[in-house]
Amino acid sequence: MARQTPSLRGLCYPIIATAGVLLGCTEDGGETTPGIRAALGGDASADNGFTVARNVREFVFPHDHGPHPGYRSEWWYLTAVVATDDDPPREFGVQFTLFRQGLAPGADNDGPGSGPEAWRTGQGYMAHLALSDVAARRHLAAERFSRGHRELAGAQAKPFRVYLDDWQLASASDGFAPQRLVAKTADFAVDLVLEVGRPITLQGEGGLSRKGPDNASYYYSVPRMQAHGDLAVGDAAHRVRGLAWMDREWSTSVLADAYAGWDWFAFHLDDGRDLMLYRLRRVDGRGDAFNSGSVGDGRNSRTLAAGDFLLTPVEHWRGWPVAWRLELSYEDSEEYIVRAAFEDQVMDTSVRYWEGVAYLTDDRGRRRGAGYMELTGY
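It should be emphasised that the depicted structure is a prediction, and the values quoted were computed from it without experimental measurement.

Explain the overall build of the protein here, please?
Scanning the protein for helices and strands turns up zero helices and 26 strands. Looking at the 378 residues of the protein, the share that counts as buried comes to 57%. Once local pairs closer than 6 in sequence are excluded, the contacts in the protein between residues at least 24 apart make up 58%. Roughly 15,100 Å² of accessible area belongs to the protein as shown, and the carbon and sulfur atoms make up 47% of that amount.

Mind showing me how you'd approach the nonpolar core here?
The nonpolar side chains of a soluble globular protein tend to be buried, and buried together. Within the largest apolar cluster, 44 residues are counted, with the highest numbers of intra-cluster contacts made by Phe 96, Leu 169 and Leu 231. With eight residues, strand β15 (residues 215-233) is the single largest residue contributor to this core. Membership of the second largest hydrophobic core comes to 25 residues, among which are Phe 265, Phe 267, Val 322 and Tyr 330.

Even after reading the chapter, I still don't get the pattern of salt bridges, so can you show me in this structure?
Pairs may arise between side chains of opposite charge once their charged atoms sit close together. Overall, the coordinates contain 28 salt bridges when judged by the stated rule. Note that Arg 57 and Asp 64 form a salt bridge whose closest N and O atoms lie 3.0 Å from each other. A residue is classified by how much of its surface remains accessible, and Arg 57, at 25% relative accessible area, is partly exposed. The salt bridge involving Asp 263 is made with Arg 279; its shortest N-O contact spans 2.6 Å.

Would you mind going over the packing of aromatic side chains with me for this structure?
Aromatic ring pairs are defined here through the distance separating the ring centres and the angle between the ring planes. Within the structure shown, the criterion is met by 13 aromatic pairs. On the numbers, 6.1 Å between centres and 45° between planes, the contact of Tyr 218 with Trp 250 is tilted. Of this pair, Tyr 218 sits in strand β15 while Trp 250 sits in strand β16 (residues 236-251); the two residues are 32 residues apart in sequence, bridging distant segments of the chain. Grouping residues by exposure puts Tyr 218 and Trp 250 together as buried. With 5.7 Å between their ring centres and 55° between their planes, Trp 320 and Tyr 378 make a pair best called tilted. Taken as a pair, Trp 320 in strand β22 (residues 320-328) and Tyr 378 in the segment after β26 (367-375) lie far apart in primary sequence, 58 residues in all. Judged by its relative accessible area of 35%, Tyr 378 is partly exposed. Aromatic ring contacts, followed pair by pair, group Phe 59, Phe 61, Tyr 71, Tyr 218, Tyr 220 and Trp 250 into a single cluster. Sitting over the face of the ring of Phe 59, Arg 57 holds its NZ or CZ atom 4.8 Å from the ring centroid.

Explain a nonpolar patch on the surface to me, please; I cannot follow it from the model alone.
A grouping of Phe 61, Ile 200 and Leu 202 is seen on the molecular surface, where their side chains present a nonpolar patch of about 210 Å² in accessible area. Taking the relative accessible area as the measure of exposure, Ile 200 reaches 31% and is therefore partly exposed.

What is the right way to read the pairing of strand β11 (residues 179-184) from this model?
On a regular strand, one side chain projects to one face of the sheet and the next to the other, so that they alternate. Only one face of β11 is buried: it carries Gln 179, Leu 181 and Ala 183, and the other face, with Arg 180, Val 182 and Lys 184, is open. Sheet topology places strand β10 (residues 167-171) next to β11; four bridges connect them, and they run antiparallel. In the strand pairing of β11, Ser 171 is matched with Gln 179. Pairing of β11 with strand β12 (residues 188-196), which is carried by six bridges, proceeds in the antiparallel orientation. Paired with Val 182 across the two strands is Asp 191, which belongs to β12. Between β11 and β12, which follow one another and run antiparallel, lie three residues.

Is there a simple way to think about unusual backbone geometry in this case?
A negative phi angle characterises most non-glycine residues, just as the trans form characterises most peptide bonds. Cis peptide bonds are those with omega within 30 degrees of zero, and the linkage from Asp 87 to Pro 88 qualifies with 0°. The topology assignment puts Pro 88 in the loop between β4 (73-83) and β5 (91-102). Cis geometry is adopted by the peptide bond preceding Pro 159, which originates at Lys 158 and carries an omega value of -10°. Positionally, Pro 159 belongs in the loop between β8 (153-156) and β9 (161-164). Its identity is not glycine, yet Arg 137 carries a phi of approximately 50°, on the positive side. Structurally, Arg 137 is set in the loop between β6 (123-133) and β7 (138-147). One non-glycine residue, Arg 318, adopts positive backbone phi at about 50°. Of note, Arg 318 is situated in the loop between β21 (309-317) and β22.

I tried to follow the layout of surface pockets on my own but got confused; where do I start?
Taking a probe equal in size to a water molecule and rolling it over the atoms shows the remaining empty space. Space inside the largest pocket adds up to approximately 260 Å³. When residues of the lining of the largest pocket are traced back to their parent elements, those giving at least two are β4, β16, β17 (259-269) and β26. Looking at the lining of the largest pocket residue by residue, the classes come out as 11 nonpolar, six polar and six charged.

What is the right way to look at the environment of Ala 289 in this model?
Here Ala 289 lies in the loop between β18 (274-282) and β19 (292-296). In this structure Ala 289 comes out as exposed when scored by relative accessible area, which is 64%. Distance in space between the C-alpha atoms of Ala 289 and Ala 305 is 8.0 Å, their sequence separation being 16 residues.

Rules used throughout
- Residues numbered from 1 in each chain as written.
- Predicted model: local features only at pLDDT ≥ 70, side-chain atom pairs only at ≥ 80, totals over all residues.
- Heavy atoms only, no water.
- Helix = DSSP H or I, 4+ residues; strand = E, 2+ residues; numbered from the N terminus.
- Buried < 20%, exposed > 50% of the residue type's maximum accessible area, 1.4 Å probe, protein only.
- Contact = heavy atoms within 4.5 Å.
- Areas by Shrake-Rupley, 256 points an atom, 1.4 Å probe, with all protein chains shown as cover.
- Core = buried A, V, L, I, M, F, W, Y, C linked by side-chain atoms within 4.5 Å.
- Salt bridge = Lys/Arg side-chain N within 4 Å of Asp/Glu carboxyl O.
- Phe/Tyr/Trp six-rings, centres within 6.5 Å; stacked < 30°, edge-to-face > 60°.
- Lys NZ or Arg CZ within 6 Å of the ring centre and 35° of its normal.
- Patch = residues over 30% accessible without salt bridge, like charges linked within 9 Å, V, L, I, M, F, W, Y side chains within 5 Å.
- Pairing = 2+ DSSP bridges.
- 1 Å grid on protein atoms, 1.4 Å probe; cavity = no way out; pocket = protein on both sides within 12 Å on 5 of 7 lines; lining within 4 Å.
- Points joined across faces, edges and corners; volume = space filled by probe spheres on them.
- Nonpolar A, V, L, I, M, F, W, Y, C, P; charged D, E, K, R; others polar.

These values are about where atoms sit, not about what they do.
The following block contains the structure:
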């Protein structure tokens, strides 16, 4: 999802490549970097020739695991909460996201041929990589940009592969899974194998996720993936295992002016359920009718409407709401506290947002689930 000023509003497209760096522009001519998650789902009027998500569509796999260049913005988003086998275990969070941004409507995803022709993709890419070391209360993050090019950055459906330079999430076979995430920076490295254990969840109305009365994106999740592999932090290596969550979303819109941002949560509950919630944060402070989510156990999945849950901030750190009261009322009433594993998991990248490990606890403080929390527009 994303980060920046209140809601990435007032952005003009397309992003352009200048001196090897992707730049966008605001209405007053200032530079910024659009295209992150909070930007994907708003004002459908500013399509500029790109396709707009308006109606329920049929999802076709593996095709929809790949790029949708007719739409302006798209992301492949993976988070994992993993731990060592030590006693007590040492826990880590991993985030990898590849963002694709269309530079012009009608552009192909990959340029034909080689040489100068290979640069005529009409696509820009941004990747974020982060690691949360819970015991050390340390959050490490990195960011990369590239113009679309077969040797530099891109996405494909079969075999599944999304990449920017040597950061890559790719199938280990001709199918969608198993996958392997391999990425490294000067401070840390990630090498995880991901196995899909549950069916895809189409979010919203059959995969059409509405972010306002006239705004929507196409959105699906792979909610529970078994993850195992290796992490390196500095000179220390760790063998880890745990659970991962993948989100896929594409759209042409940006959030409407009525919204300041959004708060998003995805949890693997200890009772076997998978829970996703997002809360659109209105400028006027009122609750929003387009808040949504889903809950499932691998056999059944249920879409949650705005009236099925309530999220209320209860603790803040430097303006970020790092603890929440969550009330679920779609069947029996349930109440939890959502709490950051540690406060400073801010993505201090070109667009600033909070993205990190969080826990679900019950009224006695007992842990009932773990996952990721994302806060935008603060």
